[in-house]
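Residue-level listing of the chains:
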Protein chains: 2
Amino acid sequence: MEAIDHTDRRILMQLQRDTDQSLESLGAAVGLSRNACWRRIRALETSGFIKGRVALLDADKLNLGLTVFMQVRTSAHAPDWLDSFSTATRSMPEITGVYRMSGELDYLIRAKVADMAGYDRLYQNLIRKVPLSDVSASFVMEEIKETTQLPL
Amino acid sequence: MEAIDHTDRRILMQLQRDTDQSLESLGAAVGLSRNACWRRIRALETSGFIKGRVALLDADKLNLGLTVFMQVRTSAHAPDWLDSFSTATRSMPEITGVYRMSGELDYLIRAKVADMAGYDRLYQNLIRKVPLSDVSASFVMEEIKETTQLPL
DNA sequence: ACTGAAACAAGGTTAAC
DNA sequence: GTTAACCTTGTTTCAGT
């Protein structure tokens, strides 16, 4: 696993914007021939810098217009509580992010649902699978920025 | 803009998992010929269900191992405060998400930085660009789940 | 109107330098 | 790193259901 140079960064920058460019245009953008480019990309893949290539869908069009952040506060709990919490949240496709936060007893959940009724179903499902003492939800009114691009 | 059927959903499911499969294998997965598949994908693109295709990078490898959520509480402010806030956050590449939350005076920011020093730089930069009264930060200790896949 | 089969062209992959 | 051959696969055309 090598260190990354300036040209690699530029390639990554392009790919995390749009992975559908041809090697030709990509090479042109970073000043490289078609397969010099190809070989670098391949290296970036095998070394794990590139985790994968995915399609990004329109949540509104798919009737998933409501994004909710749930803050879970949990008091003392059995040692395997985290296990069942992880398993439960990972198995629920509406939940797109789960994070253990600083402060030890806090978890943050991000989920996508159709509407309030959808949120309630999600909430009911979740507390049925894993005991949660204190849950508070905040809803996204406006998405000012949302990107998968990392700063390079 | 049409409604989406079951086969389209299966295609979208595949593509948001991995957009690098050939039309051949994709078609096999959903029970379609190569270009029946192709035409559906094309329709899903032009109708906007597919917003784009991107590469997902490894944040740790790129020295962006610290994810932080910042909660911004703002009291009364000039009518164009939101404008300058939006412009400022959108121009900062470390910031990967900005949301106006329910409760009217709350904004949530997600950012990726290298470490605490990186967070402090980001914070200093941000408050230099736009006046913020009350900012609290929570740091991600453990990423239990993180996906771009929407539930279908 | 939507399907599949086959021809075609573009672009990813390999080999040679 | 480059150029050029190669061959997979995306794209277009066409005919059938």
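Residues numbered from 1 in each chain as written. Chains lettered and ligands numbered in written order. Predicted model: local features only at pLDDT ≥ 70, side-chain atom pairs only at ≥ 80, totals over all residues. Heavy atoms only, no water.

Engineer: Just to check I follow, could you spell out the interface of chain B and chain A for this structure?
Structural biologist: Many analyses report the size of an interface as the accessible area lost when the parts associate. Between chain B and chain A, the contact holds 61 residues from the first and 61 residues from the second. Of the roughly 5,800 Å² buried where chain B meets chain A, counting both sides, 62% is carbon and sulfur surface. When the buried area of chain B at its contact with chain A is split by residue, Leu57, Ile144 and Lys145 of chain B rank highest and sum to 14% of it. Here glutamate 142 of chain B and arginine 100 of chain A are joined by a salt bridge, their closest N and O atoms 2.9 Å apart. For the pair chain B and chain A, the interface holds 41 residue pairs in polar contact (both at pLDDT 80 or more). Those elements that place two or more of their residues in the side of chain B that touches chain A are α1 (6-17), β1 (50-57), α4 (81-90), β3 (95-101), β4 (106-113) and β5 (134-146) of chain B. Per-element tally for the side of chain B that touches chain A: the top contributor is β5 of chain B, with nine residues. By residue class, the composition of the side of chain B that touches chain A is 30 nonpolar, 14 polar and 17 charged. Two elements, strand β5 (residues 134-146) of chain A and β3 of chain B, share five bridges in a ladder whose sense is antiparallel. The partner of valine 140 of chain A across the bridge, within β3 of chain B, is methionine 101 of chain B. (Contact = heavy atoms within 4.5 Å. Buried area = accessible area lost by both parts, 1.4 Å probe. Salt bridge = Lys/Arg side-chain N within 4 Å of Asp/Glu carboxyl O. Polar contact = N/O pair within 3.5 Å; in protein donor to acceptor, adjacent residues only side chain to side chain. Helix = DSSP H or I, 4+ residues; strand = E, 2+ residues; numbered from the N terminus. Nonpolar A, V, L, I, M, F, W, Y, C, P; charged D, E, K, R; others polar. Pairing = 2+ DSSP bridges.)

Engineer: Hey, could you run me through the packing of aromatic side chains in this one?
Structural biologist: Between two aromatic rings, the relevant description is the distance of the centres plus the angle of the planes. Summed over all chains, the structure comprises 13 aromatic pairs over all chains. With a centroid separation of 4.8 Å and an interplanar angle of 10°, the aromatic rings of tryptophan 81 of chain A and phenylalanine 85 of chain A are classed as stacked. In this pair, tryptophan 81 of chain A and phenylalanine 85 of chain A are both assigned in helix α4 (residues 81-91), four residues apart and thus about one turn of the helix distant. Both residues of the pair, tryptophan 81 of chain A and phenylalanine 85 of chain A, count as buried. Taken together, the ring pairs in this structure connect Phe69 and Tyr99 of chain A together with Phe69 and Tyr99 of chain B into an aromatic cluster. (Phe/Tyr/Trp six-rings, centres within 6.5 Å; stacked < 30°, edge-to-face > 60°. Buried < 20%, exposed > 50% of the residue type's maximum accessible area, 1.4 Å probe, protein only.)

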